[in-house]
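A closer look at the structure
Residue strings, one per chain:
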Amino acid sequence: MGALAVHVARISRLRHPDCALPADVRASFAEMGARAVQLANTAREVLVSGDHSKAARLRDEDDAVDTEHRRLFTLLMDHKWQDGVCSAVDVALLGRYYERFADHAVEIGRRVVFEETGGLPLSKQMV
């Protein structure tokens, strides 16, 4: 998760003093970032507490990040995208980094469930 955060910082520094994100996607990234941090905080909590019920719920909380990540790709593929190739690459990479950060928190929860119960939470496809 730390390595993904470093990737985000590197892109930000590379584009400084400009913003790496076009104005029309900044709210999406703010939302994804807030949710990813919330997931990471919850992952930390369940690691300490061993609360396997709360750990199992992480995957459901990740759905909003996944949905926003898919929406970003829809925007990038739209013929109305006017922000150029460089910006599109930044958005694609940054979106992936945020999405993977959240996925790592879900994996921590999955492992806590296993540690506490000896079984794994049902996958999203099985529910």
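Further up the page is the structure itself.
We now turn to the structure provided with this report. (Residues numbered from 1 in each chain as written. Predicted model: local features only at pLDDT ≥ 70, side-chain atom pairs only at ≥ 80, totals over all residues. Heavy atoms only, no water.)

**Section: the overall build of the chain**
Summing up its helical and strand segments, the chain has 5 helices and 0 strands in all. Listed N to C, the secondary structure of the chain is α-α-α-α-α in terms of helices and strands. Each principal axis of the C-alpha distribution contributes one length, and for the chain these read about 50 × 30 × 20 Å. Looking at the 127 residues of the chain, the share that counts as buried comes to 35%. For the chain, the share of sequence-separated contacts (at least 6 apart) that also reach a separation of at least 24 residues comes to 77%. Summed over its atoms, the accessible surface of the chain is roughly 7800 Å², and 56% of this surface lies on carbon and sulfur atoms. Distance between charge centres in the chain, computed from 17 positive and 19 negative side chains, equals 2 Å. (Helix = DSSP H or I, 4+ residues; strand = E, 2+ residues; numbered from the N terminus. Buried < 20%, exposed > 50% of the residue type's maximum accessible area, 1.4 Å probe, protein only. Contact = heavy atoms within 4.5 Å. Areas by Shrake-Rupley, 256 points an atom, 1.4 Å probe, with all protein chains shown as cover. Lys, Arg positive; Asp, Glu negative; His and termini not counted. Charge placed at Lys NZ, Arg CZ, Asp CG, Glu CD.)

**What to know about the nonpolar core**
Within the largest apolar cluster, 29 residues are counted, with the highest numbers of intra-cluster contacts made by Val-25, Phe-29, Val-91 and Leu-94. Every element with two or more residues in this core is listed here: helix H1 (2-15), helix H2 (23-49), helix H3 (52-61), helix H4 (63-77) and helix H5 (84-117). Take this core: its biggest share by element is 11 residues, from H5. Apart from the residues lying within four places of it in its own chain, the contact partners of Phe-29 are Leu-21, Leu-72, Val-91, Leu-94, Gly-95 and Tyr-98. (Core = buried A, V, L, I, M, F, W, Y, C linked by side-chain atoms within 4.5 Å.)

**Describing H3**
Listing the buried residues of H3 in full gives Ala-55, Leu-58 and Arg-59. Down the axis of H3, the buried side of the element spans an arc of 90°, and every buried residue falls inside it. On its buried face, H3 is in contact with H2, H4 and H5. Near the N-terminus of H3, the side chain that reaches the backbone nitrogen of Ser-53, with its oxygen 3.2 Å away, is that of Asp-51. (Arc of directions from axis to C-beta. Polar contact = N/O pair within 3.5 Å; in protein donor to acceptor, adjacent residues only side chain to side chain.)

**Describing a nonpolar patch on the surface**
Among the surface-exposed residues, Val-85, Val-89 and Leu-93 lie close enough to one another that they form a single nonpolar patch of about 260 Å² accessible area. Considering the arrangement of structural elements, one finds Val-89 in helix H5. Classification of Val-89 by relative accessible area gives partly exposed; the value is 42%. (Patch = residues over 30% accessible without salt bridge, like charges linked within 9 Å, V, L, I, M, F, W, Y side chains within 5 Å. Salt bridge = Lys/Arg side-chain N within 4 Å of Asp/Glu carboxyl O.)

**Focus: the packing of H2 against H5**
Viewed as axis vectors pointing N to C, H2 and H5 meet at an angle of 20°, and their least axial separation amounts to 9 Å. Here H5 runs roughly parallel to H2, going by the angle between their axes. Like other packed secondary-structure pairs, H2 and H5 cross with a definite hand, here left-handed. Across the interface between the two elements, Val-25, Phe-29, Met-32, Gly-33, Ala-36, Leu-39, Ala-40, Ala-43, Val-46 and Leu-47 of H2 pack against Val-91, Leu-94, Gly-95, Tyr-98, Glu-99, Phe-101, Ala-102, Ala-105, Ile-108 and Val-112 of H5. Each residue belonging to the contact of H2 with H5 can be placed in one class, and the counts come to 17 nonpolar, 2 polar and 1 charged. (Axes fitted to C-alpha atoms, helices over the stretch in contact; angles between N-to-C directions. Parallel < 35°, antiparallel > 145°, perpendicular 65-115°, else oblique. Left-handed = near helix turned anticlockwise from the far one by under 90°. Nonpolar A, V, L, I, M, F, W, Y, C, P; charged D, E, K, R; others polar.)

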